[in-house]
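So the chains spell out like this:
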Amino acid sequence: LERQLLMQNEMRVRQTAMQIAWTREFIKYFGTFYGCAVIGLTAGAIRKKNAGVLLPIVPLSFIFAYHYDMGYRTLLQRIKGEAENILDTQSTLLELPKGPLTYEDLEKIRRSQSKFFIEK
């Protein structure tokens, strides 16, 4: 059991590392796109003398800020803290509908899905 717990934790750590690495790689590409978009939209706004052209920068800024926070700042720490808070103070939110799954429930499901099972 201890080996299984260690393995599951190691898999979780590796998946989290992959998520952070993916986010950092995404920032490189999206950051380049974002920079080009800001320059292009600013030039277009100046040329057309219309500030409305700059409007797409707002949602792009939120996307960039979220991913930057995820890859290089404290978003994961804040998420972990909130998860711990939920576990400590709001554990009723985590209860499964109809309670935990039991062996009898699994057997009922298996029987209902089996084409060849005959009830005695």
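Residues numbered from 1 in each chain as written. Predicted model: local features only at pLDDT ≥ 70, side-chain atom pairs only at ≥ 80, totals over all residues. Heavy atoms only, no water.

1. Topic: the UniProt feature "transmembrane region" (unreviewed entry) in the protein chain
In the UniProt entry, the feature "transmembrane region" (unreviewed entry) is given for residues 26-45 and 51-68. Secondary structure across residues 51-68 divides into 67% helix and 0% strand, with the first and last C-alpha atoms of the span separated by 26 Å. (UniProt positions renumbered as here; feature names shortened; annotations may be inferred. Helix = DSSP H or I, 4+ residues; strand = E, 2+ residues; numbered from the N terminus.)

2. Focus on the packing of aromatic side chains
For the structure shown, the criterion picks out seven aromatic pairs. For the pair Trp 22 and Phe 26, a centre-to-centre distance of 5.3 Å together with 15° between the ring planes defines the contact as stacked. Note that Trp 22 and Phe 26 are positioned in helix H1 (residues 2-48) at a spacing of four residues, about one turn of the helix. Look at Trp 22 and you get exposed, because its relative accessible area is 52%. For the pair Phe 30 and Phe 64, a centre-to-centre distance of 6.4 Å together with 25° between the ring planes defines the contact as stacked. Remark: Phe 64 occurs in helix H2 (residues 57-72) and Phe 30 occurs in helix H1; sequence separation between them is 34 residues. Residue classification places Phe 30 among the buried residues on the basis of a relative accessible area of 11%. Three or more aromatic residues joined by ring pairs make a cluster, and in this case those are Trp 22, Phe 26, Phe 30, Phe 33, Tyr 34, Phe 64, Tyr 68 and Tyr 72. (Phe/Tyr/Trp six-rings, centres within 6.5 Å; stacked < 30°, edge-to-face > 60°. Buried < 20%, exposed > 50% of the residue type's maximum accessible area, 1.4 Å probe, protein only.)

3. Re the packing of H2 against helix H3 (residues 75-89)
The N-to-C vectors of H2 and H3 enclose an angle of 80°; their axes lie 6 Å apart at closest approach. For the element pair H2 / H3, the angle class is roughly perpendicular. Across from Tyr 66, Asp 69 and Met 70 in H2, the residues of H3 making contact are Leu 75, Leu 76 and Arg 78. Among the residues making up the contact of H2 with H3, the classes are represented as four nonpolar, no polar and two charged. (Axes fitted to C-alpha atoms, helices over the stretch in contact; angles between N-to-C directions. Parallel < 35°, antiparallel > 145°, perpendicular 65-115°, else oblique. Contact = heavy atoms within 4.5 Å. Nonpolar A, V, L, I, M, F, W, Y, C, P; charged D, E, K, R; others polar.)

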